[in-house]
Amino acid sequence: MGVDRIEVLKVLGPEEACITHLPPQDVLILEDSQAGPVLYRGGERPLSFSDAKDPRIIRPGDVVRLRPNSSLVSVLYRRGASANTLFATERCNSLCLMCSQPPRDDDDSWRIDEMLRLISLIDPDEPQLGITGGEPTLLGPGLARVLEACRLYLPDTRLQILTNGRTFADPDLAERLVPIDRDGTTWAVPLYGDVAALHDEVVAVDGAFAETLDGLFELGRLGAQIEIRVVLHKLTIPRLPQIASFIYRNLPFVRHVALMGLEPMGFAKSNRERLWIDPVDYLDELDSAVSHLANRGMPVSIYNLPLCVLPRPLWPFARQSISDWKNVYPQECEGCVVRDHCAGFFASAGPTWRSRAIHPIAIEEFAA
Amino acid sequence: MTWRERLALLLGAASPFAVSGAATAEPPNLRMQDSDGATAPTLRRLDFWGDPAHAGHLLQLAGHRSHSSHSSHSSHVSGAGHSSHYSGSSVTTPAPLYSPPAPYVAPRPAKPATPTPLYSPPVRSAAPRPAAPTTRAPALQPFSSSSSVNSFVAPRPAEPSRLNQDDITKFVQRVQIALMVKGYDPGPADGDLKPQTREALRAFQAATGLNASGNMDMPTLHALGVLK
């Protein structure tokens, strides 16, 4: 690509490029020609666009990162995708056994500037945006700048921030971050046990349970919107009913509880023996936890589990939760009548992560 | 009202939401439809909060009084068709740590439907579509009775391919399946828009904050996720 430095640019079709409020130097025009798609900046000759790549990778509305002397195009934002996220940092203060995005301790504070730039190029009518990592709150005041930029450029966009909540044990940080957009931001905090030993074992940090609870109470005190996430695996399942009860009793201010099937990525793969349990073998615990919360008016959802492994009474709680770019349906789902309502599978899930209960659901099961 | 509903109401009143101030708005659409027996939910023990989406909406209602329709589904309309992305080795993306909890993100008040002027996602659905699913399209005319095909008026008379009875049966069947997945009981999924199915539609519409007409109008079809 013909750029002198790393650039983050908005891709637009020719018509939209004419009416956008963005200055021309921020825009890459994507035009379809006989020879395939062509990218160029206004008034300049076309940038070379490697023909080996699938032209569908870049679409109008996307935001891309270009590097000098490289044909590498990174898509940072995709218009119309169900799950756009800002990647805040690779650093993390936990080391969860099933982390799908293992942390690295590099100085990647440059990401703050890139996020600020990216935020200004995202469609203002984007309904929601995730912020993830790493542990985003490790950015501290940097995260505050990011959130403030979101409120400036994307005032109608809901934010969902994945955090382990531990840093919010510091009331000052919570007070700095939460009020930036208290009602438009959801803090999604994982909790893996009702007792410290269990939670600390899963996140592999002593004292994490106490810090996370302190953080949750700080968030609750400030009126933040909180979602609790429990990842379902061999360590968390035995006490899942107790965890649900713990959440209801001790954290009644949370808005939503998500019980999440395991994503076979990162550390989860290397820890498969410690973590894997077939979902059909934990349906009793899952049903108990869901019923306990739902019957008490606590919104609860099941993520990442296909409908065919769940009993029908749990179907209304199952969500299509897997980001579209890593969401697949195997061949045998073709004939399934509830496929359109099903979470499907992680593309990374190989045969060793396959529930024995998976099967297409036939119309006959609904006919009587 | 059955004793279970009374108990559920009691539990609801004892929930933390009832005393948090935010939830003093009495749930407007408690599933009272259940009491007529036509839509007795298939859920065990979940008579009160049968549809978790409903519970979520109550919170949203409490949070922002103006409440748009079930917008968690609107992303389905524009979000399809990306499976081939990121296939090239030279393309990187920040991978989210977890999958996104899209369904429970509360809609911002007065949020317009996301227009995507230059982006038209490929249509995946192989099933018949009675009306072009543009947000501006007039509501799909309700079937006035289950058997009278003639009373079905397509929004665009010049539509080249009119729906035949088979298409309509299949479509109603998909609606029935969607209702079942969401915990309602439309009766057997036989493609017949029978009174029980209409009652289930009404219950779903009421719980979702839609006009509880029992008709398969566009907002309802979008909320059910049968238009993709």
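Note that the coordinates shown come from a computational prediction; the quantities given were computed from them, not determined experimentally.

### Remarks on the overall build of chain B
Next, step 1: Secondary structure summary: chain B contains 7 helices and 0 strands in total.
Next, step 2: By the burial criterion, 50% of the 228 residues in chain B qualify as buried.
Next, step 3: Counted over contacts in chain B with a minimum sequence separation of 6, partners at least 24 positions apart contribute 53%.
Next, step 4: Total accessible area on chain B is roughly 10,300 Å²; 57% of this is exposed by carbon and sulfur atoms.

### As for the nonpolar core
Next, step 1: One finds A:L86, A:I228, A:I247, A:L259, A:L286 and A:L310 to be the most contacted residues of the largest nonpolar core, which totals 93 residues.
Next, step 2: Residue contacts for A:I247: discarding those within four places in its chain leaves A:L191, A:I228, A:V230, A:P252, A:V254, A:V257 and A:M298.
Next, step 3: Grouped together as the second largest cluster of nonpolar side chains are 22 residues, B:L179, B:M218, B:L221 and B:L227 included.

### Overview of the sheet that holds strand β2 (residues 27–33) of chain A
Backbone hydrogen bonds are what pair the strands of a sheet, in a parallel or an antiparallel way.
Residues and elements named next belong to chain A.
Next, step 1: Taken in spatial order, the 5 strands make up an open sheet running β3-β2-β1-β4-β5, and their pairing is mixed. Every interior strand has two partners, whereas the edge strands, β3 (36–40) and β5 (73–77), have only one. On average, adjacent strands in this sheet sit at an angle of 35° to one another, irrespective of strand direction.
Next, step 2: Judged from the 5 bridges that link them, β2 and β3 form a sheet pairing that is antiparallel.

### Notes on the packing of aromatic side chains
Aromatic rings considered in pairs are described by the distance between their centres and by the relative angle of their planes.
Residues and elements named next belong to chain A.
Next, step 1: Overall, the coordinates contain 6 aromatic pairs over all chains when judged by the stated rule.
Next, step 2: Their ring planes at 90° and their centres at 5.1 Å tell us that F168 and W187 sit as a pair that is edge-to-face. Note that F168 is positioned in the loop between β8 (158–162) and α4 (171–177) and W187 in strand β9 (residues 185–190), a separation of 19 residues in sequence.
Next, step 3: Classification of F168 by relative accessible area gives buried; the value is 0%.
Next, step 4: Under the relative-accessibility criterion, W187 is labelled buried at 2%.
Next, step 5: Pairing W276 with W353 gives two aromatic rings, centres 5.8 Å apart and planes at 85°, and the pair type is edge-to-face. Here the residue W276 occupies a position in the loop between α9 (272–275) and α10 (283–295), and W353 occupies one in the loop between β14 (345–346) and α11 (364–367), the gap between them amounting to 77 residues.
Next, step 6: Looking at W353, the relative accessible area reads 11%, which means it is buried.

### As for the side chain of A:T236
Next, step 1: Mapped onto the elements, A:T236 comes out in the loop between β10 (225–232) and α7 (240–250).
Next, step 2: Contacts of A:T236, omitting those with residues within four sequence positions, involve A:Y192, A:V202, A:V231 and A:I243.

### Side note on unusual backbone geometry
Residue and element names in this part refer to chain A.
Next, step 1: The peptide bond linking G133 to G134 adopts the cis configuration, its omega dihedral lying at 15°.
Next, step 2: You can see G134 is positioned in the loop between β7 (128–132) and α3 (141–153).
Next, step 3: Phi at A204 is positive, roughly 60°, even though this residue is not glycine.
Next, step 4: As for its position among the elements, A204 is in the loop between α5 (196–203) and α6 (208–221).
Next, step 5: With phi around 70°, N304 is a residue other than glycine that occupies positive phi space.
Next, step 6: Judged by relative accessible area, N304 falls into the buried class, the value being 7%.

### Description of the pairing of strand β1 (residues 7–12) of chain A
Residue and element names in this part refer to chain A.
Next, step 1: Taking burial as the measure, the 6 residues of β1 include 6 buried ones, the bulk of the element.
Next, step 2: Neither face of β1 is left uncovered, since the one carrying E7, L9 and V11 and the one carrying V8, K10 and L12 both have all their residues buried.
Next, step 3: Here 4 bridges tie β1 to strand β4 (residues 63–66), and the two strands are oriented antiparallel to one another. Bridge pairing links V8 to R65 in β4.
Next, step 4: Two elements, β1 and β2, share 3 bridges in a ladder whose sense is parallel. Residue L12 lies in a different strand from β2, and its bridge partner there is I29.

### Digging into the environment of A:A343
Residues and elements named next belong to chain A.
Next, step 1: Tracing the backbone through its elements, the reader meets A343 in the loop between β13 (327–328) and β14.
Next, step 2: Remark: the alpha-carbon pair of A343 and V231, spanning 112 residues in sequence, is separated by 16 Å.
Next, step 3: If we ignore the near neighbours within four places in the chain, the residues touching A343 are N304, L305, R319, Q320, S321, I322, N327 and Y329.

### What about the sheet that holds β9(A)?
Residues and elements named next belong to chain A.
Next, step 1: In spatial order, the strands read β6-β7-β8-β9-β10-β11-β12; together these 7 strands make up an open sheet with parallel pairing. With one partner strand each, in any of the chains shown, β6 (85–87) and β12 (300–303) form the two edges of the open sheet. Strand-to-strand twist of the sheet, defined as the mean angle between neighbouring strand axes without regard to direction, takes the value 25°.
Next, step 2: As judged from the 6 bridges shared by β10 and strand β11 (residues 256–261), these two strands associate in the parallel manner. In the strand pairing of β11, I228 is matched with V257.
Next, step 3: Strand contacts of α3: β6, β7, β8 and β9, with the helix running at about 160° to β8, the strand carrying the most contacts.
Next, step 4: Set on the sheet, α10 makes contact with β10, β11 and β12; between it and β12 the angle comes to about 150°.

### Some details on the confidence of the model for chain B
All names here are of chain B.
Next, step 1: Scored by pLDDT, chain B has a mean of 57; 29% of the residues are at 70 or more.
Next, step 2: Mean pLDDT across the secondary structure elements of chain B bottoms out at helix α4 (residues 74–78), with 34, and peaks at helix α6 (residues 195–208), with 96.
Next, step 3: Low pLDDT, under 50, characterises residues 12–107; the stretch is placed with 228 contacts to residues that sit more than four places away or in other chains.
Next, step 4: Across the predicted assembly, pTM comes out at 0.73 and ipTM at 0.82.

### A few points about the pattern of salt bridges
Residues and elements named next belong to chain A.
Next, step 1: Throughout the structure, instances matching the rule amount to 30 salt bridges over all chains.
Next, step 2: Residues D108 and R91 are paired through a salt bridge, measuring 3.9 Å at the closest nitrogen-oxygen approach. Placement of the pair is D108 in the loop between β6 and α2 (110–119) and R91 in the loop between β6 and α2, with a sequence separation of 17 residues.
Next, step 3: For D108, a relative accessible area of 3% translates into the label buried.
Next, step 4: Here D281 and R356 are joined by a salt bridge, their closest N and O atoms 2.7 Å apart. Within this pair, whereas D281 is found in the loop between α9 and α10, its partner R356 is found in the loop between β14 and α11, the two being separated by 75 residues in sequence.
Next, step 5: Under the relative-accessibility criterion, D281 is labelled partly exposed at 40%.
Next, step 6: Residue class for R356 comes out exposed when judged on its relative accessible area of 60%.

Parameters and conventions
- Residues numbered from 1 in each chain as written.
- Chains lettered and ligands numbered in written order.
- Predicted model: local features only at pLDDT ≥ 70, side-chain atom pairs only at ≥ 80, totals over all residues.
- Heavy atoms only, no water.
- Helix = DSSP H or I, 4+ residues; strand = E, 2+ residues; numbered from the N terminus.
- Buried < 20%, exposed > 50% of the residue type's maximum accessible area, 1.4 Å probe, protein only.
- Contact = heavy atoms within 4.5 Å.
- Areas by Shrake-Rupley, 256 points an atom, 1.4 Å probe, with all protein chains shown as cover.
- Core = buried A, V, L, I, M, F, W, Y, C linked by side-chain atoms within 4.5 Å.
- Pairing = 2+ DSSP bridges.
- Axes fitted to C-alpha atoms, helices over the stretch in contact; angles between N-to-C directions.
- Phe/Tyr/Trp six-rings, centres within 6.5 Å; stacked < 30°, edge-to-face > 60°.
- pLDDT = per-residue confidence, 0-100.
- Salt bridge = Lys/Arg side-chain N within 4 Å of Asp/Glu carboxyl O.

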